[in-house]
Amino acid sequence: MKVLVIGSGAREHALVWKISTSSLVDKIYAAPGNAGVSQIAQIVEISPDNLSELEKFVRKNKIDLTLVGPELPLSMGIVDLFQKKKLKIFGPVQKAAAMESSKVFAKQFMHKYHIPTASYQVFQKFDEAAQFVRYANFPLIVKADGLAYGKGAFKVNDDEQAVDVLKKIMLEKIFGESGNQVVIEDFLQGEEVSVMAITDGKTILPLLLVQDHKTLLDGDQGPNTGGMGAYSPVPFVDQKLQDTIHDKILKPTIAGLKKEGIFYQGILYAGLMLTSSGPKVLEYNCRLGDPEAQAVLPLLETDLVEIVQAALKEKLDQIKLKWKTGYSVCVVLASAGYPGDYQKGKEIKGTEEISEQEVYCFHAGTKISQNKLVTAGGRVLAVTAVGKTLGKALDKVYNAVDKIYFEGMQYRKDIAYKATEVKKYA
Ligand code: AMP
Ligand code: GLY
């Protein structure tokens, strides 16, 4: 069969790589992919937000299945469009994707269905939000309602900081329309983990738990980014806690959506804070996490296309996910300046030297220019290694990272430190 993968990041490279191992797949297309993806898929120069061109391409080329990496096309209704045209696509419809594209919708939903989350207020007017923070207890988290590429949440420690952030979001509109409303919520303390589940709307198959590293610098310092690295599974989350996450969060979420008349098919991602009073949802995403996918997919033994096909037939109950034993660690290599304005066009050296088994060099912002591999984005590469222990995976991944160089390359040297230093599981 022919499969199209939409998106251009390292998550999509990992997806393309994973489906390239499926015996069901003859040909993979990627719109628009990147230099790494172009090694295993045919590049299609259509932007992920150009839904009508994507639909035309799929019809014309008789693509059998479309997989969507990023949230934007999902929130624009690509699944609704494809379903209307009887084209096979896996992901949530636009109404369901609102779980990610509107934090207000997600918070109100969680409140209605008693899904544990931080207490919150919603504001449409700057003056009212500014008035609220004058008498509030701090710290608080201020979030833009709409999509903001993982950069729309701010911790504020006093009313001055809060008003500053509110001004940026609601008046200066640094995230555009996404800042028409804000959520102000309590700051939760604890360990953060991500759970991603595949669902056909009835059965929920959670993938291995994974921990992202959101901030730029070691020790969880510096600004928030799209994610600087991840590891999986998370050794300090035991089966009992995993069951709680399933019973108190995933299950009621899918059931609640159904009650709202929303049939959720696709990937449901919940960003969780493991607090002293149990796991609480920080956010929902309607797709695989990046870099979570790059950590989790190399551990998945089951054929992903088989899983997706079963989900599309609402027969996910017949699938049992099989995982490799051991751990994976993913380290993101970013351009100088990221997550702010970053440099581009720097030659990337050393990727061809990575040849060890179960080490993967997933590309994000890369392209070929004058026969050279060069940087073309903020996050450039996501290097993943699988090992029998977390320590072995860490050794392998940082050995591989040591071989790679581009000017201004920055990365975290402490991925998985919560498990190795703090929790002593290496
Ligand atoms: P979000 O855009 O909602 O995923 O938030 C981005 C990041 O901000 C999360 O991954 C957390 O690190 C942090 N965050 C969001 N909400 C909270 C909260 N209520 N308490 C503490 N940290 C939070
Ligand atoms: N790594 C967080 C996300 O994909 O939203």
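In what follows, the structure referred to is the one given above.
Structural notes, computed from the coordinates. (Residues numbered from 1 in each chain as written. Chains lettered and ligands numbered in written order. Predicted model: local features only at pLDDT ≥ 70, side-chain atom pairs only at ≥ 80, totals over all residues. Heavy atoms only, no water.)

**Regarding the site of ligand 1**
Here is step 1 of the chain: Among the 15 residues in the neighbourhood of ligand 1, the closest are listed as Lys143, Glu185, Leu188, Glu192 and Glu283.
Here is step 2 of the chain: At 2.9 Å from an oxygen atom of ligand 1 is found a side-chain nitrogen or oxygen belonging to Glu283.
Here is step 3 of the chain: Considering ligand 1 on its own, with 470 Å² of exposed area, one finds that the protein chains cover 92% of that surface.
Here is step 4 of the chain: Taken together, the elements giving at least two residues each to the shell around ligand 1 come down to β7 (140–144), β9 (182–186) and β17 (278–285).
Here is step 5 of the chain: Partitioned by chemical class, the residues of the shell around ligand 1 number 7 nonpolar, 1 polar and 7 charged. (Near = heavy atom within 4 Å. Polar contact = N/O pair within 3.5 Å; in protein donor to acceptor, adjacent residues only side chain to side chain. Areas by Shrake-Rupley, 256 points an atom, 1.4 Å probe, with all protein chains shown as cover. Helix = DSSP H or I, 4+ residues; strand = E, 2+ residues; numbered from the N terminus. Nonpolar A, V, L, I, M, F, W, Y, C, P; charged D, E, K, R; others polar.)

**Examining the pattern of salt bridges**
Here is step 1 of the chain: In the structure shown here, the tally under the stated rule is 21 salt bridges.
Here is step 2 of the chain: A salt bridge links Glu71 to Arg287, with the nearest nitrogen and oxygen atoms 3.0 Å apart. Taken together, the residues span a long stretch of sequence, with Glu71 in helix α3 (residues 71–75) and Arg287 in the loop between β17 and α10 (292–296) at a distance of 216 residues. Summarising the burial analysis for this pair, Glu71 and Arg287 share the class buried.
Here is step 3 of the chain: Taken together, the shared-partner salt bridges connect Glu191, Asp220, Arg412, Asp414 and Lys418 into one network. (Salt bridge = Lys/Arg side-chain N within 4 Å of Asp/Glu carboxyl O. Buried < 20%, exposed > 50% of the residue type's maximum accessible area, 1.4 Å probe, protein only.)

**Quick word on unusual backbone geometry**
Peptide bonds are mostly trans, and most non-glycine residues show a negative phi.
Here is step 1 of the chain: Note the cis peptide between Ser232 and Pro233, where omega equals -10°.
Here is step 2 of the chain: Along the chain, Pro233 falls in the loop between β15 (229–232) and α9 (239–259).
Here is step 3 of the chain: With an omega of 20°, the peptide bond between Asp290 and Pro291 qualifies as cis.
Here is step 4 of the chain: In this structure, Pro291 sits in the loop between β17 and α10.
Here is step 5 of the chain: Despite not being glycine, Lys62 has its phi angle at roughly 50°, a positive value.
Here is step 6 of the chain: Tracing the backbone shows Lys62 in the loop between α2 (51–60) and β4 (65–68).

**Re the site of ligand 2**
Here is step 1 of the chain: Around ligand 2, a shell composed of Asp212, Lys214, Gly226, Tyr269, Asn285, Arg287, Gly289, Asp290, Pro291 and Glu292 is seen.
Here is step 2 of the chain: Backbone polar atom of Asp290 to a nitrogen atom of ligand 2: 2.9 Å apart, as the coordinates give it.
Here is step 3 of the chain: When isolated, ligand 2 has an accessible area of 200 Å², and the protein chains bury 91% of it.
Here is step 4 of the chain: Each residue belonging to the shell around ligand 2 can be placed in one class, and the counts come to 2 nonpolar, 3 polar and 5 charged.

**Observations regarding the environment of Tyr398**
Here is step 1 of the chain: With respect to the helices, strands and loops of the structure, Tyr398 is situated in helix α12 (residues 390–403).
Here is step 2 of the chain: Residues Tyr398 and Lys56, 342 residues apart in the sequence, show an inter-C-alpha distance of 43 Å.
Here is step 3 of the chain: When near neighbours in sequence (up to four residues on either side) are disregarded, Tyr398 contacts Val331, Tyr411, Arg412, Lys413, Asp414 and Ile415.
Here is step 4 of the chain: One polar contact links the side chain of Tyr398 to the main-chain amide nitrogen of Asp414, over a distance of 3.5 Å. (Contact = heavy atoms within 4.5 Å.)

**Side note on the packing of aromatic side chains**
Here is step 1 of the chain: As enumerated under the stated definition, the model contains 8 aromatic pairs in all.
Here is step 2 of the chain: Measuring from centroid to centroid gives 4.7 Å for Trp17 and Tyr360, while their planes differ by 55°, and the two rings are tilted. With a gap of 343 residues between them, Trp17 in helix α1 (residues 10–20) and Tyr360 in strand β19 (residues 359–363) connect regions that are remote in the sequence.
Here is step 3 of the chain: Centroid distance Phe109 to Tyr113: 5.0 Å. Interplanar angle 40°. Geometry classified as tilted. Pair check on accessibility: Phe109 and Tyr113 agree, each one buried.
Here is step 4 of the chain: Through a chain of ring-to-ring contacts, the aromatic side chains of Trp17, Tyr360 and Phe362 assemble into a single cluster.
Here is step 5 of the chain: Directly above the aromatic system of Phe187 lies the positively charged group of Lys155, at a separation of 4.4 Å from the ring centroid. (Phe/Tyr/Trp six-rings, centres within 6.5 Å; stacked < 30°, edge-to-face > 60°. Lys NZ or Arg CZ within 6 Å of the ring centre and 35° of its normal.)

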